[in-house]
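# Coordinate analysis (summary)
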Amino acid sequence: LESEGITVNEDIVGLPKPMVVERCCASPLENDENEEPLGISDAMMARGTYLRKLKEMALADELERATASEEEKIIEDKVEVLSTGQKVLRYDSFLAHQRYYDDLKHVDFDFIDYGSSSLGCVIQQEKSLGKGGLCWDAALILAEHLVSTRSISTESVIELGAGTGLCGILLAKLTKCHVEITDLPLLMPLMQRNIELNFSNSGAYISDDDIRLLHEEEPPQPLGSCEARVLDWGDREDGRKYPVIVGADVVASLYDPIKLAETIHSLCQEDSKVFISYKSRLDGPHQLFEGRMRELYETVECMIPQGSRNKNPNVKILQAFKPRFR
């Protein structure tokens, strides 16, 4: 047995004892109570069969682990490095497996290339800016939902709390809309850089070689246009109105959900449509926000997004129509 490389504790695994083994199944000819027990040679054969089975199972497990390991290698995230040392995530490689949906999964990448289906959308992240400097599943999902369901066409769109600008930039690339992405002054430089990356295919802070690496292939011309400006919720001095208002993952404990709902309403005209995506993580703020929205709009619906390549099951979309004006 030792020559097979297997050590077995008979008392633990319950192997047959060497001297006597009772037969499991008796034939009609084996019912004699005085029949002699099996001999030691039969016992050793039974034990040998058992040990060979154990070895076969061990080899099968080893092969399965090796196969699983190879499959994991095939679907690893694809990462490239610019001449500056900055890391680029090819998002299609993540979409191929989507093994995880945690909020911080991609925070260590400097750029995310959302692939050819996004018309070559590339977004820079800046982790030092906090939540606003990162890309979130809810932004991609909202943009792709609106495009796939044809919820917008040629309207003027405003995005609140745009952060990196991912949602608004995607909408401006994939539809014939003019999109204003808005946020606080701290985030303006990042949004401007991302507009430059996606609408001029250049960047004063990035070399031509790195631009070519970022885009991987020459992206087609965007269908719409995009601009960035400052908007502090509750500050409505200019009085501009918009037919479409969007926001991705803007309902959070950091912000006042009531003021957010009222700011959205102040941007509406009579036929405005509102689309807010969010990841279910904070029941309190979401309930306050939804409650105030139901007071301000005749129709408020929460729905599962459609048409996005990202299948995060926790992201939902709130849409509101027919704003109430007193």
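For the structure given in this document, a descriptive report is provided here. Note that the structure is a prediction, hence the values are computed from the model and not measured.

Moving on to the state of the cysteines. A full pass over the atoms with the stated rule returns zero disulfides. The thiol sulfur of C135 is not disulfide-bonded, and the nearest other cysteine sulfur, from C121, lies at 8.1 Å.

Y114, L166, L171, I181 and V246 are the most contacted members of the largest nonpolar core, which totals 39 residues. At the level of elements, helix 3 (91–95), helix 4 (137–148), helix 5 (166–174), strand 6 (178–183), helix 6 (188–199), strand 7 (225–230) and strand 8 (242–248) are the ones that each hand at least two residues to this core. By residue number, the principal contributor to this core is helix 5, which donates seven residues. Apart from residues lying up to four places away in sequence, V246 is in contact with L142, L146, V157, I158, E159, L160, C167, L171, F275 and I276. Listed in part, the 23 residues of the second largest apolar core include I158, I264, L267 and L318.

Viewed as axis vectors pointing N to C, helix 5 and helix 6 meet at an angle of 25°, and their least axial separation amounts to 11 Å. By the angle class used here, helix 5 and helix 6 are roughly parallel. Where helix 5 crosses over helix 6, the two elements pack in a sense that is right-handed. From helix 5, I169, A172 and K173 reach across to helix 6, where they touch N194, I195, N198 and F199. A class-by-class count of the residues in the contact of helix 5 with helix 6 yields four nonpolar, two polar and one charged.

How each quantity is defined
- Numbers given to residues run from 1 along each chain, matching the order in which its sequence is written.
- Only residues with pLDDT of 70 or above have their local features reported here, since the model is predicted, and side-chain atom pairs are shown and tallied only from 80 upward, although totals for entire chains, interfaces and linings are computed over all residues.
- As a rule here, side-chain values cover all heavy atoms of the structure and leave hydrogens and water aside.
- The term disulfide is used for any two cysteine sulfur atoms that are within 2.5 Å.
- Residues grouped as a nonpolar core are buried Ala, Val, Leu, Ile, Met, Phe, Trp, Tyr and Cys residues, joined through side-chain atoms within 4.5 Å.
- The buried label goes to any residue with under 20% of its type's maximum accessible area, the exposed label to any with over 50%, and the partly exposed label to all in between, with areas taken from a 1.4 Å probe on protein chains only.
- Numbering of helices and strands runs from the N terminus; a helix is a DSSP stretch of H or I covering at least four residues, while a strand is a stretch of E covering at least two.
- Any two residues whose heavy atoms approach within 4.5 Å at even a single point are treated as in contact.
- Interaxial angles span 0 to 180 degrees and are taken between N-to-C directions of axes, which are lines fitted to C-alpha atoms, for helices over the stretch in contact.
- The scheme is simple: roughly parallel for angles under 35 degrees, roughly antiparallel for over 145, roughly perpendicular for 65 to 115, oblique for anything else.
- The crossing is said to be left-handed when, going from far helix to near helix, the turn is anticlockwise and less than a right angle, and right-handed when the turn is clockwise.
- As a working rule, the residues Ala, Val, Leu, Ile, Met, Phe, Trp, Tyr, Cys and Pro are called nonpolar, Asp, Glu, Lys and Arg charged, and the rest polar, with Gly in that last group.

Read these as spatial facts, not as claims about activity.
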